[in-house]
Amino acid sequence: MQQHWIGSPHEGGVEGGGGLLCEIFRLPRREWDFGFDPRVLVVARRAADIPAMRIVPLRAALGLTEAEAEIALRLANGEAREDIAAGRGTSAQTLGTQIKSILRKSDVGREAELTALVNRLLR
């Protein structure tokens, strides 16, 4: 499964405000009754922030500090790096270092993988 944001969950670009989280599932190759041979299933839903109270189980699951868990949660909620750094009162460089630590502890290589992992764990 892959997850992609269409718009940001914190922008008003999509009707009703917020973005859409699209989950893409690869379908097995077999005959279907759709009259065509589908390859993927796309599920689109309105963005809903993962509540901050979910930081505790995230910390436990991934071995993160409280600050790292907050950052991971905010990334999973679709916030931009600049907004996270500004909200935490840190520089973009400091945030980048913290994200590298989160990726290492979570055993993922990219922010998109981290976002998908956090969403699987907490949604």
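Above: the structure in question.
Note that the coordinates shown come from a computational prediction; the quantities given were computed from them, not determined experimentally. (Residues numbered from 1 in each chain as written. Predicted model: local features only at pLDDT ≥ 70, side-chain atom pairs only at ≥ 80, totals over all residues. Heavy atoms only, no water.)

In this model, helix α5 (residues 111-122) (twelve residues) spans 16 Å end to end at C-alpha, consistent with the 16 Å of a helix rising 1.5 Å per residue. Within the span of α5, buried status applies to Leu 114, Thr 115, Ala 116, Leu 117, Val 118, Asn 119 and Leu 122. (Helix = DSSP H or I, 4+ residues; strand = E, 2+ residues; numbered from the N terminus. Expected span 1.5 Å × (residues − 1). Buried < 20%, exposed > 50% of the residue type's maximum accessible area, 1.4 Å probe, protein only.)

Attention now goes to the nonpolar core. Among the nonpolar cores identified, the biggest contains 22 residues, and Leu 58, Leu 64, Ile 71, Ala 72, Leu 114 and Val 118 are the most heavily contacted of them. The set of elements that each furnish at least two residues to this core consists of α1 (55-62), α2 (66-76), α3 (81-88), α4 (92-106) and α5. Ranked by the residues each element gives to this core, the list is headed by α2, at six residues. Among residues more than four places away in sequence, those in contact with Ile 71 are Ile 84, Arg 88, Leu 95, Gln 98, Ile 99 and Ile 102. (Core = buried A, V, L, I, M, F, W, Y, C linked by side-chain atoms within 4.5 Å. Contact = heavy atoms within 4.5 Å.)

On to the pattern of salt bridges, then. Under the defined criterion, the tally for this structure stands at five salt bridges. A salt bridge links Lys 105 to Glu 68; the shortest N-O distance between them is 2.8 Å. Of this pair, Lys 105 sits in helix α4 while Glu 68 sits in helix α2; the two residues are 37 residues apart in sequence, bridging distant segments of the chain. For Lys 105, a relative accessible area of 32% translates into the label partly exposed. A relative accessible area of 8% places Glu 68 in the buried class. Its salt-bridge partner being Glu 79, residue Arg 74 comes within 3.0 Å of it at the nearest N-O pair. Here the salt bridges do not stand alone but share partners, grouping Glu 70, Arg 74, Glu 79 and Arg 88 into one network. (Salt bridge = Lys/Arg side-chain N within 4 Å of Asp/Glu carboxyl O.)

The next subject is unusual backbone geometry. With phi around 60°, Asp 107 is a residue other than glycine that occupies positive phi space. Mapped onto the elements of the fold, Asp 107 is located in the loop between α4 and α5.

α4 packs onto α3 with a crossing angle of 105° between their chain directions and a minimal axis gap of 9 Å. When the axes of α3 and α4 are compared, the pair comes out roughly perpendicular. Each of Arg 81, Ile 84, Ala 85 and Arg 88 in α3 lies in contact with α4, whose residues at this interface are Ala 92, Leu 95, Gly 96, Gln 98 and Ile 99. Tallied by class, the residues present in the contact of α3 with α4 amount to five nonpolar, two polar and two charged. (Axes fitted to C-alpha atoms, helices over the stretch in contact; angles between N-to-C directions. Parallel < 35°, antiparallel > 145°, perpendicular 65-115°, else oblique. Nonpolar A, V, L, I, M, F, W, Y, C, P; charged D, E, K, R; others polar.)

The values are spatial; any link to function lies outside them.
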